Amino acid sequence: MEIIHFNQRNLAKRWDVSEATRERWRSEGIGPMFLKLQGRVLYRLVDIEAYEASCLSISTKRLASENIAA
């Protein structure tokens with residue numbers, strides 16, 4: 001199985017946010033886990049998709065995962 005990686009620019013483009021916003025979110029702990037290799041920040045696609053799934057909502061008050069657990 002091939003592991004697909006995104007750099008910061010690719011992820012910012014995927015989410016339609018600036019790279020500066022992505023940097024700030026990362027420093028605040030917002031977003032998927034990341035790798036830091038030789039000064040480069042990389043995100044595994046599997047982690048991006050897991051983070052996106054954790055953010056799914058069914059209303060403005062409840063995450064979709066809360067509905068599944070209920």
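Above this text is the structure in question.
Okay, so let's go over this structure. Worth saying up front: this structure is predicted, and the values here are computed from it rather than measured. (Residues numbered from 1 in each chain as written. Predicted model: local features only at pLDDT ≥ 70, side-chain atom pairs only at ≥ 80, totals over all residues. Heavy atoms only, no water.)

### What about the nonpolar core?
- Among the nonpolar cores identified, the biggest contains six residues, and these are F6, L11, V41, Y43, L45 and I48.
- Within the residue set of this core, elements represented by two or more residues are β3 (40-44) and α3 (45-54).
- Once you skip the residues sitting within four places of it in the chain, I48 turns out to touch F6, L11, R14, W15, P32 and Y43. (Core = buried A, V, L, I, M, F, W, Y, C linked by side-chain atoms within 4.5 Å. Buried < 20%, exposed > 50% of the residue type's maximum accessible area, 1.4 Å probe, protein only. Helix = DSSP H or I, 4+ residues; strand = E, 2+ residues; numbered from the N terminus. Contact = heavy atoms within 4.5 Å.)

### So, unusual backbone geometry
- The phi angle at D16 is positive, at roughly 55°, despite the residue not being glycine.
- Backbone geometry at Q38 places phi at a positive 55°, although glycine is not the residue there.
- Mapped onto the elements, Q38 comes out in the loop between β2 (35-37) and β3.

### Thoughts on the sheet that holds strand β1 (residues 5-7)
- Taken in spatial order, the three strands make up an open sheet running β1-β3-β2, and their pairing is antiparallel. Of all the strands in the sheet, just β1 and β2 have a single pairing partner and so form its edges. Taken over all neighbouring pairs, the strand axes of this sheet differ in orientation by 40° on average, direction set aside.
- Of the pairings in the sheet, the one linking β2 to β3 comprises three bridges and is antiparallel in character. Along β3, the bridge assignment pairs L37 with R40.
- Across the sheet, α3 touches β1 and β3, and the angle it forms with β3 is around 65°. (Pairing = 2+ DSSP bridges. Axes fitted to C-alpha atoms, helices over the stretch in contact; angles between N-to-C directions.)

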